[in-house]
Amino acid sequence: MTEKLLFTGKTHNTNGHAGGARSSDGHLDVKLPAPHPAAEQLFGAAWSACYMGAIELAAAQRKVRLPAGLAVDAEIDLNLADGAFFLRARLNVSVPGVERDQAQALIDTAHTICPYSKAVHGNIDVTTTLV
Amino acid sequence: MNHFVGVLHTAKTETTGDRDDGTSRSSDGLLDIRLSAPGSARIGTSPDQLFAAGWSASFANAIALAACKRNIALTAKVRIDAEVDLALGFGGYLLTTRLNVRLPGVERNVARNLVDGAEKICPYSKATRGNIAVTIKLT
């Protein structure tokens with residue numbers, strides 16, 4: 001199997017009080033006034049959406065039917081310790097209609113599939129809770 | 001060693017549906033977006049665009065901080081064009097990133113020094129270090 005590019009997200013950013021980000025297709029156009037947890041909100045939304053796709057893929061691989069209502073509430077902290085910034089994440093996952101052990105297995109497996117989980121693996125603290 | 005740990009802020013988002021048909025909203029309501037697969041008829045953004053925007057915004061702050069530490073005045077706004085690829089490789093799905101940085105009015109070797117400094121302090125660069133391919137270019 002060779003590597004295959006699926007899509008590329010392109011954005012243009014400017015900083016400062018009137019700063020913002022705009023995607024090349026114009027569908028994403030957000031103001032990013034500093035200081036505001038905008039970057040962390042964007043990361044929370046990006047990771048959650050991709051992670052939910054990974055849960056669906058994990059369910060399909062295991063032939064588990066996922067009823068509607070899958071949801072992820074993400075909390076991304078920006079921290080400062082001894083002058084250094086770092087992130088910490090909590091993902092609170094709701095998998096209604098799936099037995100708890102089965103749901104736990106799905107959310108664990110999803111971290112090995114989701115490219116955002118893999119991108120931060122070992123570098124930041126991530127707590128995933130089945131709610 | 002992290003002797004003192006202070007949380008500066010916490011971003012809270014609620015996401016339902018996936019990258020092809022989801023919606024995501026922040027607890028303060030300032031982020032409220034629809035997700036869609038690129039090229040589909042549904043109007044919406046993608047996780048990769050969101051991540052590109054978030055990382056760039058944070059990286060711009062890191063450049064400003066690096067400049068401040070070196071007593072370098074940035075006279076014009078930092079501009080970053082980011083590209084985040086979602087790819088499928090041997091080990092499954094993976095991300096690759098390119099940040100194209102423009103620092104108007106800053107001499108090239110000074111700009112390189114600032115970008116290198118920013119890469120060490122940006123929390124998104126740190127969070128992904130060693131796990132994904134990142135190319136940072138001065139344009």
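Residues numbered from 1 in each chain as written. Chains lettered and ligands numbered in written order. Predicted model: local features only at pLDDT ≥ 70, side-chain atom pairs only at ≥ 80, totals over all residues.

(A) The arrangement of the overall build of chain A in detail. The secondary structure content of chain A amounts to 3 helices and 6 strands. Each helix and strand of chain A, ordered N terminal to C terminal, gives the series β-β-β-α-β-β-α-α-β. Sequence-distant contacts, at least 24 apart, represent 52% of the contacts inside chain A between residues at least 6 apart. (Helix = DSSP H or I, 4+ residues; strand = E, 2+ residues; numbered from the N terminus. Contact = placed C-beta atoms within 7 Å.)

(B) A look at helix α1 (residues 47-69) of chain B. Residues and elements named next belong to chain B. Here α1 spans 33 Å end to end across 23 residues, near enough to the 33 Å set by a 1.5 Å rise per residue. Within α1, 19 of the 23 residues are buried, which leaves it mostly tucked inside the rest of the structure. Once α1 finishes, N71 follows within two positions and takes phi at roughly 55 degrees, a positive value. (Expected span 1.5 Å × (residues − 1). Buried ≥ 20, exposed ≤ 12 C-beta atoms within 10 Å, placed from the backbone.)

(C) The arrangement of the packing of helix α1 (residues 38-61) of chain A against helix α2 (residues 100-113) of chain A in detail. Residue and element names in this part refer to chain A. Between α1 and α2, the shortest axis-to-axis distance is 8 Å and the interhelical angle comes to 115 degrees. With respect to α2, the element α1 is oriented roughly perpendicular. Our pair here, α1 against α2, has a crossing hand that is right-handed. For the pair formed by α1 and α2, the contact residues are Y51, A54, I55, L57, A58 and A59 on the first element and L106, I107, T109, A110 and I113 on the second. Class assignment of the residues belonging to the contact of α1 with α2 gives a composition of 10 nonpolar, 1 polar and no charged. (Axes fitted to C-alpha atoms, helices over the stretch in contact; angles between N-to-C directions. Parallel < 35°, antiparallel > 145°, perpendicular 65-115°, else oblique. Left-handed = near helix turned anticlockwise from the far one by under 90°. Nonpolar A, V, L, I, M, F, W, Y, C, P; charged D, E, K, R; others polar.)

(D) Spotlight on the sheet that holds strand β4 (residues 71-81) of chain A. One open sheet holds the 6 strands; their spatial order is β6(A)-β5(A)-β4(A)-β1(B)-β2(B)-β3(B), and the pairing between them is mixed. The strands lining the two open edges of the sheet, one partner per strand, are β6 (125-130) of chain A together with β3 (32-34) of chain B. On average, each strand axis in the sheet is tilted by 15 degrees relative to the strand beside it, whichever way the strands run. Two elements, β4(A) and strand β1 (residues 6-16) of chain B, share 10 bridges in a ladder whose sense is antiparallel. Bridging across to β1(B), A:L78 finds its partner in B:H9. Packed onto the sheet, α2(A) meets β5 (84-94) and β6 of chain A and runs at close to 155 degrees relative to β6(A). (Pairing = 2+ DSSP bridges.)

(E) Inspection of the environment of B:A57 at higher detail. Residues and elements named next belong to chain B. Among the secondary structure elements, A57 is positioned in helix α1. The exposure class assigned to A57 is buried, which follows from the 29 C-beta atoms found within 10 Å. Taking the C-alpha atoms as reference points, A57 and V78, separated by 21 residues in sequence, lie 9.7 Å from one another.

(F) Main features of the interface of chain B and chain A. Residue-level contacts link 68 residues of chain B with 64 residues of chain A. Counting residues per element, the ones that place at least two in the side of chain B that touches chain A are β1, β2 (23-26), α1, β4 (79-89), β5 (92-102) and α3 (123-128) of chain B. A per-element tally of the side of chain B that touches chain A places α1(B) first, with 14 residues. Its residues placed into classes, the side of chain B that touches chain A shows 33 nonpolar, 23 polar and 12 charged.

Read these as layout, nothing more, since geometry by itself doesn't imply function.
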